[in-house]
Amino acid sequence: MNTGRARWLVRTAWIVGIVLFCIVWPGLEYPNFDIEPQERAKAFLQLLLLHGSWLLWPLLVQSAVKAWRRFREHRTWRGTGATALAVVCVLLCYARFVEPNELVVRRTVIPAPIDLNIAVVADIHVGIYTRPAKLAQVVDRLNAMHVDLVLFAGDLTYDPPKNLAAALAPLWRLNKPMYAVLGNHDVELPGPPLANKIHRVLAGSPVHFIEHRVIDFPSFRLAGLYDWWSARDDTAFLKALPHDKPLLVLMHQPHSLRALRGVDFALAMAGHTHGGQVYLPWLTDEVFLLTRDERYVGGYYDTPTGKLFVTTGVGVTGVPLRFNDPPVIDVLELRKHGH
Amino acid sequence: MAIESGHPTQQPCVHCGECVRVCPDALNPETLFFALVRDDFASARDGRLDACSECHRCVEVCPSHIPLLDWLRWGKSEQAARARAEAARERYLARDARLVRERAERAAARREVRPTVAAALPAQTISHAEVLAAIARGKARRRGKHP
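Residues numbered from 1 in each chain as written. Chains lettered and ligands numbered in written order. Predicted model: local features only at pLDDT ≥ 70, side-chain atom pairs only at ≥ 80, totals over all residues. Heavy atoms only, no water.

Quick notes on the interface of chain A and chain B
Stage number 1. Taken together, the 22 residues of chain A in the interface contact 22 residues of chain B.
Stage number 2. With both sides pooled, the region where chain A packs onto chain B buries about 1800 Å², and carbon together with sulfur makes up 60% of that total.
Stage number 3. Looking at the side of chain A facing chain B, the largest losses of area belong to Trp172(A), His212(A) and Arg232(A), adding up to 28% of the total buried there.
Stage number 4. Run the count over chain A and chain B and you get zero salt bridges.
Stage number 5. On inspection of chain A and its partner chain B, the count reaches five residue pairs in polar contact (both at pLDDT 80 or more).
Stage number 6. It is strand S8 (residues 213-216) of chain A that contributes the most residues to the side of chain A that touches chain B, four residues altogether.
Stage number 7. Bridge count between S8(A) and strand S1 (residues 124-127) of chain B: four bridges; the pairing is parallel. Bridge assignment links Asp216(A) to a residue of S1(B), and that residue is Ser127(B). (Contact = heavy atoms within 4.5 Å. Buried area = accessible area lost by both parts, 1.4 Å probe. Salt bridge = Lys/Arg side-chain N within 4 Å of Asp/Glu carboxyl O. Polar contact = N/O pair within 3.5 Å; in protein donor to acceptor, adjacent residues only side chain to side chain. Helix = DSSP H or I, 4+ residues; strand = E, 2+ residues; numbered from the N terminus. Pairing = 2+ DSSP bridges.)

See the structure below:
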């Protein structure tokens, strides 16, 4: 086969691949999702990113082959360019295909007035990017864990499938109760109006929603807050509680800490940030502080208001990438005599 | 302005009435000219500015070489442009009012289906045992539905 024919074949293969992965596959999946009218273009673009990213693999192979050939021909500049492209492809492939599919369990010891093991999950974002298989993986891992309390800190959905009941069905297999609050994507900020639908679909399931509610355990109390952006909460009900047991607060956004001034709580737990999804040391923290006025990106913080734990979540939004910030189930080991 | 008259020097109107005499459309070019100079489109409309057939005779007879036809043509186009702008403004205001009304209707519909603000309700305190019982009931109900 001569060179001209080979080049023609490669180009045809690229065109066919782009049509299949960027138009046909997203087009076939698009009707399955519940998209707001003004978000249609964005949703299609997200499907295109999700499936089109498979073309990174042939691009990686092609650029590696090209780099090898150029260096052999002693065309150093061309070779360096192709190598740089290959390196970018490797990084993107890792952030798209490797890291989002991991699920790590991270343990954090926190000094507290009680001894308790809590598993905190957040931001599963079932929808275009995160499919129910990931939810099933989280549920299986939680079922295998020995913890006293399982909490879900909001954002169950993101551009959700039309058949929400089927997508959330894995949650019925949980073998322990999971206390949950809704996140901003579950209450139209942004997204379709889902709050009532989620409550209805999961009514009677092991997922128990506790926004603006207090659950009275024998040795502690657990309270949930509405999402900070929905501005529906007034923490007066927390201030009115008696002080005989420690209070744990579950919320979606770390910003809700501002509403907890003057509340006597042992630990507040939040999600929402995803730890930036692409975590670059120092830079991600600075970006969060500048663009969102957010100091608490991920992990445990002893803040002036009280103790706060921010989990970096499971799913992705925006772009389907995670780097240096794998999906995580956080296990908080509350200890009376810390460390 | 001295394009149509073809004469270099335009002089003030002497009110001779020649243009009125020659006008085949029985208009008064002199009063129309002074109305347009004053930007008085109301009296230009009353003087039937639209009826001008642009025959050029008023310019030919004018002893002061006033480019009357330039003025009348400009007046006609300006009048048409103002009428179009007025119609467009009315359409815009009507559309704006409709959008405001529809937004209010949508907001009212949302308020109807939305529950009352939670903060106004007293917070509910339930025990862990009650939650476990509710979950057991839910699971039993689901097993009945999907055996």
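Comments concerning the packing of helix H1 (residues 3-29) of chain A against helix H2 (residues 40-52) of chain A
Residue and element names in this part refer to chain A.
Stage number 1. It is the contact of H1 with H2, at a shortest axis distance of 8 Å, that shows an interaxial angle of 120°. Viewed along their axes, H1 and H2 adopt a mutual orientation that is oblique. The handedness of the crossing between H1 and H2 is right-handed. Taken together, the residues of H2 that come into contact with H1 (itself represented by Phe21, Cys22, Ile23, Trp25, Pro26, Gly27 and Glu29) are Phe44, Leu47, Leu48, His51 and Gly52.
Stage number 2. Considering only residue class, the contact of H1 with H2 consists of eight nonpolar, three polar and one charged. (Axes fitted to C-alpha atoms, helices over the stretch in contact; angles between N-to-C directions. Parallel < 35°, antiparallel > 145°, perpendicular 65-115°, else oblique. Left-handed = near helix turned anticlockwise from the far one by under 90°. Nonpolar A, V, L, I, M, F, W, Y, C, P; charged D, E, K, R; others polar.)

A few points about H1(A)
Residue and element names in this part refer to chain A.
Stage number 1. In this model H1 runs 38 Å from its N-terminal to its C-terminal C-alpha over 27 residues, within 8% of the 39 Å that 1.5 Å per residue would give.
Stage number 2. Where H1 bends most, the angle comes to about 35°, and this point is Leu20.
Stage number 3. Of all the residues in H1, the buried ones are Gly17, Cys22, Pro26 and Glu29.
Stage number 4. Residues of H1 that are buried in the fold lie against H2. (Expected span 1.5 Å × (residues − 1). Bend = angle between axes of the 7 residues up to and from the residue. Buried < 20%, exposed > 50% of the residue type's maximum accessible area, 1.4 Å probe, protein only.)

Considerations on the packing of aromatic side chains
Residue and element names in this part refer to chain A.
Stage number 1. Overall, the coordinates contain 13 aromatic pairs over all chains when judged by the stated rule.
Stage number 2. Taking the centre distance of 5.5 Å and the plane angle of 40° together, the rings of Trp57 and Phe97 count as tilted. Residue Trp57 is found in helix H3 (residues 56-72), and its partner Phe97 is found in helix H4 (residues 76-98); the two are separated by 40 residues along the sequence.
Stage number 3. On the basis of relative accessible area, Trp57 is assigned to the partly exposed category, the value being 36%. (Phe/Tyr/Trp six-rings, centres within 6.5 Å; stacked < 30°, edge-to-face > 60°.)

Considerations on the sheet that holds S8(A)
Stage number 1. The strand order across the open sheet formed by seven strands is S12(A)-S13(A)-S11(A)-S10(A)-S9(A)-S8(A)-S1(B), and the pairing between neighbours is mixed. Either end of the sheet is taken by a strand with one partner, and the two such strands are strand S12 (299-302) of chain A together with S1 of chain B. Recorded for the sheet is a direction-independent mean angle of 20° between the axes of neighbouring strands.
Stage number 2. Sheet topology places strand S10 (residues 247-250) of chain A next to strand S11 (residues 267-270) of chain A; three bridges connect them, and they run parallel.

Let's talk about a nonpolar patch on the surface
Stage number 1. Residues Ile15(A), Val16(A), Val19(A), Leu20(A), Ile23(A), Val24(A) and Leu28(A) make up a contiguous nonpolar surface patch of roughly 630 Å² in combined accessible area.
Stage number 2. With respect to the helices and strands, the residue Leu28(A) is situated in helix H1. (Patch = residues over 30% accessible without salt bridge, like charges linked within 9 Å, V, L, I, M, F, W, Y side chains within 5 Å. Areas by Shrake-Rupley, 256 points an atom, 1.4 Å probe, with all protein chains shown as cover.)

Some points on the domain arrangement of chain A
When the parts of a complex come together, some accessible area is lost, and that lost area is often used as the size of the interface.
Residue and element names in this part refer to chain A.
Stage number 1. Partitioning chain A into structural domains gives domain 1 (3-99) and domain 2 (103-335).
Stage number 2. Between the C-alpha centres of domain 1 and domain 2 there is a distance of 34 Å.
Stage number 3. At the junction of the two partners, domain 1 supplies 20 residues and domain 2 supplies 23 residues.
Stage number 4. Summed over the three residues of domain 1 that lose the most area to domain 2, namely Phe33, Asp34 and Glu99, the buried surface amounts to 36% of that side.
Stage number 5. Applying the counting rule to domain 1 against domain 2 returns one salt bridge.
Stage number 6. The interface formed by domain 1 and domain 2 includes eight residue pairs in polar contact (both at pLDDT 80 or more). (Domains from an automatic or database assignment.)

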